[in-house]
Amino acid sequence: MLKLDSKIVESCREAARVIAEDVQKTIDAHTTDTIERTILRLLGVDGADAFDVPLVNVVIDHIKEKGDLSKGVVHYLANAVAETGATPKALALAIAEGDVDLTRYDAPEKVDASLLDDAMAPMLQTIKKQRLKRLSALKDKTASAPEKYVIVATGNIHEDIEQAISAVALGADIIAVIRTTGQSLLDYVPEGLTREGFGGTYATQDNIRLMRQALDDAGKEAGRYVKLVNYASGLCMPEIAAIGALERLDMMLNDSLYGIIFRDINMKRTFIDQYFSRVISAYADITINTGEDNYLTTADAFDEAHTVTASQFINEQFAAKAHMDRRLMGLGHAYEIDPEKENSFLYEYAQALLARTVFPDAPLKYMPPTKYMSGDIFKGVAQNTLFNIATVATGQKIHLLGMLTEAIHTPFMSDRAIALENADYVERAFRGFQDAFILNPDGLIVERAKEVLAEAESLLHTIKAEGMFAAIAKGRFANVSRTLAQGKGLSGVTPKHAVYQNPVMDAMLTTLKEENDG
Amino acid sequence: MDRSPSVNIRPYGDTKNDGKIQISFTLPLKNDALGEEAAKALAAKMGVPDAHVTHRKSLDEQYTFYILYGTLTHVVDPSTLHVPLATEAAMTKEEVEAFIAGHFQEEIVFIGASTGTDAHTVGIDAIMNMKGYAGHYGLERYSGVRAINLGSQVDNERLLEEALKHEADVILISQTVTQKNIHIQNLTAFIELLEAEGRRDDFLVVVGGARINHALAKELGYDAGFGPKQYAADVASFCVVELHRRGRKTFT
């Protein structure tokens with residue numbers, strides 16, 4: 001571990017806390033289409049209408065057309081459930097048929113949200129059961145080595161399963177099913193088992209359930225629990241988080257900054273969505289993965305290293321606001337410095353060790369080289385080997401394995417096998433490395449780590465002064481500028497009415513506060 | 001030693017025309033002697049009748065990975081081949097800038113994007129952004145050039161819309177990573193869109209990417225294509241010369 005000036009680290013944390021606090025005011029004052037749909041999902045509404053439109057979309061669109069979504073779906077639904085005696089799902093089906101007008105149940109005052117307790121309780125019970133199942137499966141696991149994380153991305157869930165089973169047989173601990181690239185911009189979660197996707201596979205509840213079952217089976221065979229990852233990102237952050245909580249995903253990519261910068265999603269929309277999604281993940285004990293690593297694919301990994309550190313501090317505070325335990329905060333970073341640069345490994349080592357030292361409880365997610373991977377697969381293997389050494393030697397937790405064909409295609413089965421073998425080898429060879437050396441306090445690694453931390457502190461104070469929204473507009477992350485009024489999904493943001501309630505989030509927060517304080 | 005190309009060429013291991021090559025692939029077969037025989041039989045059909053399986057590894061019960069070395073019996077005569085290139089002799093950044101100053105009345109507008117579902121910006125950034133790639137500055141840094149980079153996952157429709165709005169001279173499309181050749185469909189769709197809107201002749205349309213070359217680009221209806229190891233100066237050289245040839249924005 002590095003010896004750092006704890007005053008600087010505290011100063012970073014404090015600035016990040018103020019930055020997150022400021023954004024939280026906007027979060028608390030608004031709801032969004034996908035948040036309201038998530039509430040419906042956690043009241044037991046799933047499935048689609050005759051035109052394959054998810055029922056949760058049918059209901060929210062119905063309220064937007066006939067009523068006022070700023071009052072929230074609960075405002076209309078609570079009395080409808082009480083008066084008709086029907087479940088929320090039965091009502092949703094009736095709305096889809098045109099048989100029920102939900103806005104008839106409008107009321108001048110706040111409604112009694114506890115009328116929905118009967119619908120909510122079994123859903124929360126399912127999430128608790130899934131959480132217990134995971135915890136008991138993992139309780140005997142002594143996680144000393146980094147967890148090996150590989151992706152599958154064929155577009156066809158059945159083919160994904162074939163690839164995942166092979167990866168598990170070869171030692172993978174974590175399987176991520178990459179989403180079809182367009183999905184983050186869909187304002188709904190598609191339904192059913194799917195066989196067509198580009199660069200990935202649709203995240204649907206059915207696909208997730210099928211993969212979960214396959215990994216449980218493969219894990220049983222291999223004698224260990226295998227974790228499943230998907231993406232609570234894009235325009236349906238909290239809905240995917242809810243599906244993941246119900247279907248026992250173990251990790252979620254979850255970072256609104258990524259959506260803002262790389263998918264041009266409106267920042268207001270996605271910060272609001274991110275909060276509820278993190279509350280759900282915290283409640284379900286799902287580890288989140290943040291996306292700082294991606295900044296370095298557009299910005300220079302050496303010059304802009306401090307933006308990653310600054311963003312990790314901010315993401316930590318956003319997660320803390322959602323009452324997420326530190327052991328669930330998989331903050332992201334990456335090995336992306338130009339291999340032509342002299343001492344590139346030492347700089348990478350410094351950055352990885354800095355993250356490890358500053359966030360000792362976080363299961364850091366460390367990403368392999370991508371930007372400087374080329375069609376030269378033989379050099380690619382060498383690059384990945386150095387990355388694996390940095391991962392093991394600095395004690396990273398979530399080890400996303402690099403693929404030798406990164407610059408060519410989504411991984412073949414053999415690419416993944418080569419990556420797993422390489423990681424295994426490095427893990428064995430470097431196991432005692434950390435304990436065998438003391439870093440030269442005046443050497444390049446320590447000096448570089450201090451420099452990056454100092455630059456991060458300075459950036460955090462700048463952002464604190466100008467505010468997060470302005471900082472993003474100035475292109476402070478990844479050299480990409482986005483503004484408050486721009487981006488996808490803004491039309492789905494609504495200020496909360498005085499009668500607005502979200503009993504699902506309230507129930508989760510109550511439990512989380514009790515757990516954290518107890 | 002004679003280094004002039006012989007007519008018939010074979011791969012080089014350690015002796016001229018020894019034909020030595022390596023091959024690797026996965027078969028959906030158990031890791032056993034029969035699987036190894038199948039791998040060798042495939043190599044023989046590729047023209048490697050004496051292949052040795054130097055490594056085989058189970059990927060799970062159903063799949064095995066093979067590495068083979070052998071002697072290729074096929075030959076190729078390079079004098080019978082022709083490789084079309086967008087630019088025979090690329091100019092340097094400074095030469096491109098001088099060419100623009102000397103031949104055009106206005107700045108040249110390049111608009112670029114990584115289109116369709118492709119989320120990778122590395123290619124378009126390498127060509128367009130200030131910093132460039134591997135020491136080759138991007139178009140943004142060229143005087144006489146206005147470079148607009150729309151980033152990744154841009155729809156074909158939006159790219160055309162922005163190109164019209166900015167009165168672009170050149171449209172640059174990047175396609176980095178592909179799966180089952182989706183990039184070809186997307187590239188074709190853009191040319192079809194331009195033609196349907198009657199805008200094909202309003203722009204130079206250029207495509208670049210790891211799997212792109214000039215011949216493929218021409219086949220798909222593009223003006224030029226650029227692949228690996230080609231940088232901003234290569235793209236710019238072609239574009240300014242071609243725009244000049246077409247008399248666009250040139251001094252009269």
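Parameters at a glance
- Residues numbered from 1 in each chain as written.
- Chains lettered and ligands numbered in written order.
- Predicted model: local features only at pLDDT ≥ 70, side-chain atom pairs only at ≥ 80, totals over all residues.
- Heavy atoms only, no water.
- Helix = DSSP H or I, 4+ residues; strand = E, 2+ residues; numbered from the N terminus.
- Buried < 20%, exposed > 50% of the residue type's maximum accessible area, 1.4 Å probe, protein only.
- Contact = heavy atoms within 4.5 Å.
- Rg over C-alpha atoms; globule rule 2.2 N^0.38 Å.
- Areas by Shrake-Rupley, 256 points an atom, 1.4 Å probe, with all protein chains shown as cover.
- Lys, Arg positive; Asp, Glu negative; His and termini not counted.
- Charge placed at Lys NZ, Arg CZ, Asp CG, Glu CD.
- Patch = residues over 30% accessible without salt bridge, like charges linked within 9 Å, V, L, I, M, F, W, Y side chains within 5 Å.
- Salt bridge = Lys/Arg side-chain N within 4 Å of Asp/Glu carboxyl O.
- Pairing = 2+ DSSP bridges.
- Axes fitted to C-alpha atoms, helices over the stretch in contact; angles between N-to-C directions.
- Buried area = accessible area lost by both parts, 1.4 Å probe.
- Polar contact = N/O pair within 3.5 Å; in protein donor to acceptor, adjacent residues only side chain to side chain.
- Parallel < 35°, antiparallel > 145°, perpendicular 65-115°, else oblique.
- Left-handed = near helix turned anticlockwise from the far one by under 90°.
- Nonpolar A, V, L, I, M, F, W, Y, C, P; charged D, E, K, R; others polar.
- Expected span 1.5 Å × (residues − 1).
- Phe/Tyr/Trp six-rings, centres within 6.5 Å; stacked < 30°, edge-to-face > 60°.
- Lys NZ or Arg CZ within 6 Å of the ring centre and 35° of its normal.
- Right-handed = clockwise from strand over helix to strand, strands pointing away.

Colleague: Break down the overall build of chain A for me, citing the residues and quoting the values.
Modeller: When helices and strands are tallied, chain A shows 20 helices and 11 strands. Projected onto the principal axes, the alpha-carbon positions of chain A cover approximately 70 × 50 × 45 Å. Burial statistics for chain A: of 518 residues in total, 62% are counted as buried. Considering only intrachain contacts with a sequence separation of at least 6, the fraction spanning at least 24 residues in chain A is 77%.

Colleague: Describe the overall build of chain B, with residues and values.
Modeller: The secondary structure content of chain B amounts to 7 helices and 8 strands. The C-alpha radius of gyration of chain B comes to 23 Å, more than 25% above the 18 Å expected for a compact globule of 252 residues. Expressed along its principal axes, the backbone C-alpha trace of chain B runs to roughly 70 × 50 × 35 Å. Here chain B holds 252 residues, and the buried ones make up 47% of them. Taking contacts inside chain B between residues at least 6 apart in sequence as the whole, the part at least 24 apart equals 65%. A total accessible area of about 13000 Å² is found for chain B, and carbon and sulfur atoms account for 53% of it. The averaged location of the 34 negative side-chain charges in chain B is 5 Å from the averaged location of its 25 positive side-chain charges.

Colleague: So, a negative patch on the surface: which residues are in play, and what are the values?
Modeller: All names here are of chain B. Negative charge collects at one region of the surface, where Asp155, Glu157, Glu161 and Glu197 lie side by side. If you trace the backbone, glutamate 157 turns up in helix H4 (residues 156-165). By relative accessible area, which is 49% here, glutamate 157 ends up partly exposed.

Colleague: Explain the sheet that holds strand E9 (residues 365-367) of chain A residue by residue, including any values.
Modeller: Across a sheet, paired strands are connected by hydrogen bonds in the backbone, their directions being either parallel or antiparallel. All names here are of chain A. The strand order E7-E6-E5-E4-E3-E2-E10-E9-E8 describes an open sheet built from 9 strands, whose pairing is parallel. Among the strands making up the open sheet, the edge pair consists of strand E7 (329-330) and strand E8 (332-334). In terms of strand pairing, E8 meets E9 through 3 bridges, oriented parallel. The residue bridging glycine 332 from the neighbouring strand is lysine 365, located in E9. Across the sheet, helix H8 (residues 205-222) lies against strand E2 (147-152), strand E3 (174-177) and strand E4 (227-231), angled at about 160° from E4, the strand it touches most.

Colleague: Any chance you could break down the pattern of salt bridges for me, citing the residues and the numbers?
Modeller: Residue and element names in this part refer to chain A. Following the criterion strictly, the structure yields 47 salt bridges over all chains and no others. A salt bridge links arginine 41 to glutamate 239; the nearest nitrogen and oxygen atoms lie 2.9 Å apart. Of this pair, arginine 41 sits in helix H2 (residues 33-41) while glutamate 239 sits in helix H9 (residues 237-247), and the two are 198 residues apart along the sequence. The residues arginine 41 and glutamate 239 share a single accessibility class, namely buried.

Colleague: Mind laying out the interface of chain B and chain A, listing which residues take part and the relevant values?
Modeller: In this complex, chain B contributes 26 residues to the contact, which on the side of chain A involves 32 residues. Across the chain B/chain A interface, buried area totals approximately 2200 Å², and carbon plus sulfur atoms make up 51% of it. In this structure, the connection of chain B to chain A is made through 1 salt bridge. Between A:Glu421 and B:Lys57 there is a salt bridge, and its shortest N-O distance comes to 3.3 Å. In this assembly, chain B and chain A are joined by 5 residue pairs in polar contact (both at pLDDT 80 or more). For the side of chain B that touches chain A, the secondary structure elements donating two or more residues are strand E1 (20-27), strand E2 (52-60), strand E3 (63-71) and helix H3 (122-128) of chain B.

Colleague: Summarise the packing of helix H7 (residues 157-169) of chain A against H8(A); cite the residues concerned and give the values.
Modeller: In helix packing, the relevant descriptors are the interaxial angle and the interaxial distance, both defined with respect to the helix axes. All names here are of chain A. Between H7 and H8, the shortest axis-to-axis distance is 10 Å and the interhelical angle comes to 25°. Here H8 runs roughly parallel to H7, going by the angle between their axes. With respect to the hand of their crossing, H7 and H8 are arranged in right-handed fashion. Contact with H7, carried on its side by Ile157, His158, Asp160, Ile161, Ala164, Ile165 and Val168, involves Asn207, Leu210, Met211, Ala214, Leu215, Ala218, Gly219 and Ala222 of H8 and no other residues of that element. Across the contact of H7 with H8, the residue classes tally to 11 nonpolar, 3 polar and 1 charged.

Colleague: Any chance you could break down helix H7 (residues 232-245) of chain B for me, citing the residues and the numbers?
Modeller: All names here are of chain B. The terminal C-alpha atoms of H7 lie 20 Å apart, and with 14 residues this matches the ideal 20 Å at 1.5 Å per residue to within 8%. For H7, every residue scored as buried is listed here: Ala232, Ala233, Asp234, Val235, Ala236, Ser237, Phe238, Cys239, Val240, Glu242 and Leu243. For H7, the secondary structure elements touched by its buried residues are helix H2 (93-103), strand E4 (108-114), H3, strand E6 (170-174), strand E7 (204-208) and strand E8 (224-226). The positive-phi residue at the C-terminal boundary of H7 is glycine 247, with phi of around 75°.

Colleague: Go over the packing of aromatic side chains with me, naming the residues and quoting the values.
Modeller: Between two aromatic rings, the relevant description is the distance of the centres plus the angle of the planes. For the structure shown, the criterion picks out 14 aromatic pairs over all chains. Geometrically, the ring pair formed by B:Phe226 and B:Phe238 is edge-to-face, given 6.3 Å between the ring centres and 65° between the ring planes. Of this pair, B:Phe226 sits in strand E8 while B:Phe238 sits in helix H7; the two residues are 12 residues apart in sequence, bridging distant segments of the chain. By the burial criterion, B:Phe226 is buried, and B:Phe238 matches it. Feature note: the residues A:Phe271, A:Phe318 and A:Phe469 constitute an aromatic cluster, connected by ring pairs. Against the face of A:Phe302 rests A:Arg448, its NZ or CZ located 3.9 Å from the ring centre. One Lys or Arg, B:Lys93, reaches over the ring of B:Tyr142 and ends 5.7 Å from the middle of that ring.

Colleague: Can you lay out the pairing of E4(A) for me, pointing to particular residues and giving the numbers?
Modeller: Residue and element names in this part refer to chain A. The element E4 is largely enclosed, with a buried count of 5 among its 5 residues. With 3 bridges joining them, E3 and E4 adopt parallel strand pairing. Looking across to E4, one finds that isoleucine 175 is bridged to leucine 228. Since E3 and E4 lie parallel, the crossover through H8 that links them has a hand, and here it is right-handed.

Colleague: Please give an account of the packing of helix H13 (residues 305-321) of chain A against helix H14 (residues 344-358) of chain A that cites residues and values.
Modeller: All names here are of chain A. For the pair H13 and H14, interaxial distance at closest approach is 11 Å and the crossing angle is 15°. Here H14 runs roughly parallel to H13, going by the angle between their axes. Crossing geometry of H13 relative to H14 is assigned as right-handed. The segment H13 lies against H14, with Ala305, Val308, Thr309, Gln312 and Phe313 engaging Gln351, Leu354, Ala355 and Val358. Taken together, the residues that form the contact of H13 with H14 break down as 6 nonpolar, 3 polar and no charged.

Colleague: Tell me about unusual backbone geometry, and name the residues and values.
Modeller: Residue and element names in this part refer to chain A. Despite not being glycine, aspartate 52 has its phi angle at roughly 65°, a positive value. Residue placement: aspartate 52 occurs in the loop between H2 and helix H3 (55-66). For aspartate 52, a relative accessible area of 62% corresponds to the exposed category. Within the chain, histidine 323 stands out as a residue other than glycine whose phi angle is a positive 60°. Mapped onto the secondary structure, histidine 323 falls in the loop between H13 and E7. Assessed through its relative accessible area of 22%, histidine 323 is described here as partly exposed.

Colleague: Explain the sheet that holds E3(B) residue by residue, including any values.
Modeller: Residues and elements named next belong to chain B. The sheet built from 3 strands is open, its strands ordered E1-E3-E2 with antiparallel pairing. The open sheet has two edge strands with one neighbour each: E1 and E2. Put simply, the sheet's adjacent strands are angled 15° from each other on average, direction ignored. Where E1 and E3 come together, 8 bridges link them in antiparallel fashion.

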